[in-house]
Amino acid sequence: MQASRQTLRLTLLRATPAIMFMVILVLFSMLSPRFLSLQNFANILTQSAYMAVMAIGMTFVLLIAGVDLSIGAAMYVSAAILILYFPWLPGLASILLMAFLGAVFGAINATFIVKLKVIPFVVTIATLYVGRGFALYLSSTRTILAPETVLSFGEGSWLGVSYAILTLATLFVIALWVERWTPFGRYLYAMGADFDGARKAGIPVWGMSFAVYVLCGTFAGVGGFISLSQTAAASTFFGYGVEFPVIAAAVLGGTSLFGGRGSVIGSVFGAVLIQTVQNGLVLLNINPYVYPLVISGIIFVAVLLDSQRTQLLTRLTRRLIRTETT
Amino acid sequence: MSFLSEQIDTSAVLQVHNLRKSFFGVEVLRGVSFSLRPGRSLGLIGENGSAKTTAANIVNGLLKPSEGTMLIDRQTYAPNGPGDAMAAGIGFIHQELNLFENLTVAENVSLRAFPKTVGWLPQINKRRMKERARELLAEVGLEIDVDTPLSRLAQGERQLVEIAKALSVDTKIIIFDEPTTSLTAREATRLFDLIERLKKRGIATIYISHILTDVLRLCDEVVILRDGAMVENVSTDGLTVSHMIESMLGRPLADLFPERSPRTGVAAPLLEVRGLSQPGIVANLNFAVGVGEIVGIAGLMGSGRSEMARILFGLDPAVGGEVAVDGSVVGERSPRACMAASMALLTEDRRGDGLMMPATILANLTLAKAADVVPSSFSVVPEKRLEEDAREIATALRIKAHDLDRQPVRSLSGGNQQKVVLGKWLLRAPKVLILDEPTRGIDVGAKAEIYAQIQTLARNGAAVLVIASEFEELFGICDRILAMAHGEIVAEFSGPVFDREAVIAAAMQTQAEAS
């Protein structure tokens, strides 16, 4: 009886982001005639692409119960280096360069976390500030303009689908494959459930952790490239505070901050959800200073959902001893 | 150091020579040598703190020996981690199982070596993975859908999954570390049958256990450790449990259970439980424990015995009923209120619930008492006095440690950890002491000491409630036994002599049989 009610509550909690999405769709389409159109949805997807890409990388980190707060800095540093030193690179090479720079940034995080065993929260908050400081130094605290090749990526499309969406789709499919079909993916879940147990089970936990932070940095680099191609310039606030909506996207999509649960599918969905809200607010001409309030409200809901889910799951997995006959 | 050629046992799958290990300059393992042949089983026994697990962890690559050599199939074996041990054909069934609740049974079984679709691509062949998992589960005799999430399995089933996992690669040696501590009697029997089958297949086993009758039954040879040194390495032919105990302790064990004086008359009730219920967990619990009485709860795992203990101590909620100590009802159902009413609970899971593992022994011992010795939450704790008391109790309990003030509880052996938990509560001199599996994973020497402590406490007028899987233990120390099944007290037995069969039968009954 009680158990079935809890199962119902869990299903409801799981469905909450989807329900929220529906409510937001209905609400915005009633308030703004421009909202409910194919073109607008293509826009939302294109705009959410950078966040979704970063949320994929973040999902891997969260799955092993880690966190990476430095992704905004990773995207700023790699964008600054691309603009200032390699503006002549062709489009594809620019993506690869930023991905590589992101990977290097991730590898620095990973070195501290894996080799020196500093907790990820502290490491990545430190590299967040160091990274931003470094990028500010490189750019002499000026807004730097993206080269033409990068801009053409932002405007480009193939069969009517923007390059941003294509990039997201490609990475998403690969990430999903890694998560579901490779030992690497399965090990992530094992590590998130019981890190020490995974080590004892012979899983190369430290190598895996290293790879995960490098991956997260790589995705941050690619996300940074997509964002740069859309904003056309890296201001001193480029990527500032992006870690919060990205983590919120993952958590909204069902990835647990406590590790071991979640999927890249949910994370991409979460990113789209957050972008949809922003898009709606823009169409409704809401005061931009309200955006952070709304977004932080969503983040709060996401974290609340996660903790409720975790509590319910522990209660549900508790075994019942007797069947009540009433 | 290398082997002299005549020392090599050519038929051995694993040969260990003069293994030593020091931690921070203290030598804990002092020269262990043995050889293990295919299809044979080696028992590894010793008191808590005798470095059994250390020895096993070295073989499994989790620790590096300070000295000594190992050979597997006559090849030098010096593992750098559990991965190397696995590659060398060693499977380790840890006391706490090494499985992942968020993966399926098939994934757990295949974790060591996922079958690939094609060689160069790291893609798991899920169809083959499931097939292989089914075969392995059939081998260990577990009938279950391989797509079931592990979280739905009972403890005994999980252990079979763990063994199936060990068999998933080319395993020559399986190490069992206290495999039966969390199994019911039926599950343990199933495990023993399986070990026999594995031996017939030529798999060598190392069996670590405190239950010496099991060791005698299963093993061909026994290595007995005392304080990290190997005192005997003998065949089990003609070996007796009492000899093993003597050898482990270095002295004969006079009596495991303390002597009891027969109780006269009915004691005044000290702990009274009236109509305690929680849907799906326990139903209508009614019983009392008198002054100076030791009452046992005889129940299988999953009978609600531990859940009842948690509810009694206010850790879990109950929808109905009340608990009274010394005539007054404990108003609020919280550990704090229960402690104020002079109750104490020694939990089943000492690592998770009973101890602060990284904190020092002294910090753990004084934890429960600290709140009593100060007039308010804001006053300074008189640490000196508290520490003196703690040191006294540590001596009384014979806690084996070199430095109470510095050594973290984590570094103690299981038995000594349990003594710390017991000491923590004894410092408060509780009126009602609830003990959930007080001797789990503890050697006979420490067991006898803990029984004696329980006895003393009862003699001084406390009410003691003991939960134990080993019913022999209850028969040995209790004045009265309550049988528990499916969340109810199903029968009551009065001592000092108990009808063993009747108690066991009562504890084994199912809810369907009862209604």
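A.B. asks: Please clarify how the overall build of chain B should be interpreted in this entry.
C.D. replies: Counting secondary structure elements, chain B contains 18 helices and 20 strands. The globule rule puts the C-alpha radius of gyration for 515 residues at 24 Å, and the 24 Å found for chain B is close to it. A burial count over chain B gives 48% of its 515 residues as buried.

A.B. asks: Please explain the sheet that holds strand 16 (residues 343-346) of chain B as it appears in this structure.
C.D. replies: Remark on secondary structure: sheet strands pair via backbone hydrogen bonds, oriented parallel or antiparallel. All names here are of chain B. Pairing in this open sheet of six strands is mixed, and the strands run 16-17-18-13-19-20 from one edge to the other. Bordering the open sheet on either side are strand 16 and strand 20 (488-494), each of which pairs with just one other strand. On average, each strand axis in the sheet is tilted by 20° relative to the strand beside it, whichever way the strands run. Where helix 15 (residues 444-459) meets the sheet, it contacts strand 13 (294-299), strand 17 (432-436) and strand 18 (463-467), and its direction lies at approximately 150° from that of strand 18. Seen against the sheet, helix 17 (residues 500-508) touches strand 13, strand 19 (480-485) and strand 20 and runs at an angle of roughly 30° to strand 19.

A.B. asks: What's the story with the confidence of the model for chain B in this structure? I'm lost.
C.D. replies: Detailed reading of the predicted coordinates is not advisable wherever pLDDT is low. Residues and elements named next belong to chain B. The share of residues in chain B with pLDDT of 70 or more is 93%, and the mean pLDDT across the chain is 83. Between residues 1-6, whose pLDDT stays under 50, and residues either more than four places distant or in other chains, the model counts five contacts. Predicted complex, confidence summary: ipTM 0.80, pTM 0.76.

A.B. asks: Got a minute to help me understand the sheet that holds strand 12 (residues 282-290) of chain B in this structure?
C.D. replies: Residue and element names in this part refer to chain B. Across the sheet, which stays open at both edges, the four strands sit in the order 12-11-14-15 with antiparallel pairing between neighbours. Strands with a single pairing partner mark the edges of an open sheet, and in this sheet they are strand 12 and strand 15 (328-329). In this sheet, strand 14 (residues 320-325) lies alongside strand 11 (residues 269-278) in antiparallel orientation, the contact comprising five bridges. In the sheet register, Glu 272 faces strand 14, and the bridge partner there is Ala 324.

A.B. asks: How do you make sense of the interface of chain B and chain A when you look at a structure like this?
C.D. replies: Accessible area lost upon the coming together of the parts serves often as the stated size of an interface. On the chain A side, the residues contacting the 29 residues of chain B number 24 residues. Sort the elements by how many residues they give to the side of chain B that touches chain A and helix 2 (residues 82-87) of chain B lands first, with three residues. Looking at the side of chain B that touches chain A residue by residue, the class counts come to 12 nonpolar, 13 polar and four charged.

A.B. asks: Looking at this structure, I do not really get the environment of A:Gly221. What am I missing?
C.D. replies: All names here are of chain A. Take Gly 221: it is sitting in helix 10 (residues 205-231). On the basis of neighbour counts, which here come to 31 C-beta atoms within 10 Å, the residue Gly 221 falls in the buried class. Sequence separation of Gly 221 and Val 53 is 168 residues, and the distance between their C-alpha atoms is 9.5 Å. Among residues more than four places away in sequence, those in contact with Gly 221 are Ala 74, Met 75, Ser 78, Met 98, Ala 99, Leu 101, Gly 102 and Ala 103.

A.B. asks: I'm lost on helix 12 (residues 264-283) of chain A in this one. Help?
C.D. replies: Counting along an α-helix, one turn takes 3.6 residues, and residues three or four places apart therefore face a common direction. All names here are of chain A. Here helix 12 spans 29 Å end to end across 20 residues, near enough to the 28 Å set by a 1.5 Å rise per residue. Within helix 12, 16 of the 20 residues are buried, which leaves it mostly tucked inside the rest of the structure. At the exit of helix 12 stands Asn 285, carrying a positive phi of roughly 60°.

A.B. asks: So what exactly am I meant to see when it comes to the nonpolar core here?
C.D. replies: Grouped burial of nonpolar side chains is what soluble globular proteins tend to show. Formed by 164 residues in total, the largest nonpolar core has its most connected members in A:Val53, A:Met54, A:Ala55 and A:Ala190. When residues in this core are grouped by element, the largest group, 14 residues, is from helix 2 (residues 38-63) of chain A. Composition of this core by domain shows at least three residues from each of domain 1 (11-89 + 171-250) and domain 2 (98-169) of chain B. When neighbours within four sequence positions are excluded, A:Met54 is seen to be in contact with A:Ile71, A:Phe219, A:Ala220, A:Gly223, A:Val242 and A:Val246.

A.B. asks: Would you mind going over the packing of helix 12 (residues 361-370) of chain B against helix 14 (residues 414-426) of chain B with me for this structure?
C.D. replies: Between two packed helices, what matters for the description is the angle formed by their axes and the separation of those axes. All names here are of chain B. One can describe the packing of helix 12 onto helix 14 by two numbers: an axis separation of 6 Å at closest approach and a directional angle of 35°. Crossing of helix 12 against helix 14: the hand is right-handed. Along the contact surface, helix 12 presents Ile 361, Asn 364, Leu 365, Leu 367 and Ala 368, while helix 14 presents Val 420, Gly 423, Lys 424 and Trp 425. Partitioned by chemical class, the residues of the contact of helix 12 with helix 14 number six nonpolar, two polar and one charged.

A.B. asks: Whenever I open this one, helix 6 (residues 185-200) of chain B confuses me. Can you help?
C.D. replies: Residue and element names in this part refer to chain B. Here helix 6 is 16 residues long and its end C-alpha atoms lie 23 Å apart, about the 22 Å a rise of 1.5 Å per residue gives. Restricting attention to buried positions, one finds in helix 6 the residues Glu 187, Leu 191, Ile 195 and Leu 198. Each buried residue of helix 6 sits inside an arc of 80° when the element is viewed along its axis, so together they form one side. Those residues of helix 6 that are exposed and angled more than 90 degrees off the buried face are Arg 186, Thr 189, Asp 193 and Lys 200. Packing partners of the buried residues in helix 6 comprise helix 5 (155-167), strand 7 (173-177), strand 8 (204-208) and helix 7 (212-218). Phi turns positive one or two residues past the end of helix 6, at Gly 202, with a value near 95°.

Conventions and cut-offs
Residues numbered from 1 in each chain as written. Chains lettered and ligands numbered in written order. Predicted model: local features only at pLDDT ≥ 70, side-chain atom pairs only at ≥ 80, totals over all residues. Helix = DSSP H or I, 4+ residues; strand = E, 2+ residues; numbered from the N terminus. Rg over C-alpha atoms; globule rule 2.2 N^0.38 Å. Buried ≥ 20, exposed ≤ 12 C-beta atoms within 10 Å, placed from the backbone. Pairing = 2+ DSSP bridges. Axes fitted to C-alpha atoms, helices over the stretch in contact; angles between N-to-C directions. Contact = placed C-beta atoms within 7 Å. pLDDT = per-residue confidence, 0-100. Nonpolar A, V, L, I, M, F, W, Y, C, P; charged D, E, K, R; others polar. Expected span 1.5 Å × (residues − 1). Core = buried A, V, L, I, M, F, W, Y, C linked by C-beta atoms within 7 Å. Domains from an automatic or database assignment. Left-handed = near helix turned anticlockwise from the far one by under 90°. Arc of directions from axis to C-beta.

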